[in-house]
Every structure is written in structure tokens, then in C-alpha cells.
Amino acid sequence: MDTNLYKIREVLKGSKLSAKNQDELITLFSSVPDAELESVAKLLSEDPGLAETLNSNLQRKREALTVGSSDLWNSILTDEKDQLAAIKN
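Residues numbered from 1 in each chain as written. Predicted model: local features only at pLDDT ≥ 70, side-chain atom pairs only at ≥ 80, totals over all residues. Heavy atoms only, no water.

Enquirer: How do you make sense of the layout of surface pockets when you look at a structure like this?
Expert: A water-sized probe, rolled over the atoms, reveals where empty space remains. What the largest pocket holds in volume is close to 460 Å³. As for the largest pocket, its lining consists of 16 residues, of which F29, L54, N57, E80 and L84 are closest to the centre. Looking at the lining of the largest pocket, the elements that each hand over two or more residues are helix 2 (19-30), helix 3 (38-46), helix 4 (50-67) and helix 5 (70-88). Per-element tally for the lining of the largest pocket: the top contributor is helix 4, with 6 residues. A breakdown of the residues in the lining of the largest pocket according to their chemical character gives 11 nonpolar, 3 polar and 2 charged. (1 Å grid on protein atoms, 1.4 Å probe; cavity = no way out; pocket = protein on both sides within 12 Å on 5 of 7 lines; lining within 4 Å. Points joined across faces, edges and corners; volume = space filled by probe spheres on them. Helix = DSSP H or I, 4+ residues; strand = E, 2+ residues; numbered from the N terminus. Nonpolar A, V, L, I, M, F, W, Y, C, P; charged D, E, K, R; others polar.)

Here you go:
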């Protein structure tokens, strides 16, 4: 049986993301219990383009942490909430 992390990895392999960005997302997801990745695996399987959104959000968060901007961090979180709301609808 395929694990959810494996399913995510397979979707990322077929994405337009660079190998480096794919590895960064896999590293991030590998710290999450597999059962909790089920919804992520399902969403990415249904819409592989979300991989680019996840990567973009991760890169933006790194930038916010690097520059120490809580305003940028809060803006990213607001954007993510909007993105999640759009997925639910």
C-alpha cells in the first residue's frame, strides 16, 4: 500500500517544481504523521497545480522569517486562508 507521503512525492515529481523545491516540500511533509497527510495527498492528486501554490507559500514564509517581517507573515497567512476557502468551495 502506498503511503500518503509517497503519493505526494509522486505528484510533486510530475509537477513543474525544481528538484530542489520538490525535495524541500518532501522534507517538510516527512515530519508529519502519514495519516495527517491524507487530505494533502488527496488535494494534490485532484489538483497537482496546488504543488506550486504550496511551494510559493513556503518560499514566502522563508522570506518573512529571514527579514523578520511579521506583517509579511500575517499577509501570507491571510492569503493561505483565502486559498483554503477557495478550495473548500
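Enquirer: Would you mind going over the nonpolar core with me for this structure?
Expert: General note: in soluble globular proteins, nonpolar side chains tend to be found buried as a group. In terms of nonpolar packing, the biggest core is built from 14 residues, with I8, L12, L25, F29 and L44 touching the most fellow members. Broken down by element, this core gets its largest block of residues, 4 residues, from helix 1 (residues 4-13). (Core = buried A, V, L, I, M, F, W, Y, C linked by side-chain atoms within 4.5 Å. Buried < 20%, exposed > 50% of the residue type's maximum accessible area, 1.4 Å probe, protein only.)

Scope: geometric values only; no functional claims are made or implied.
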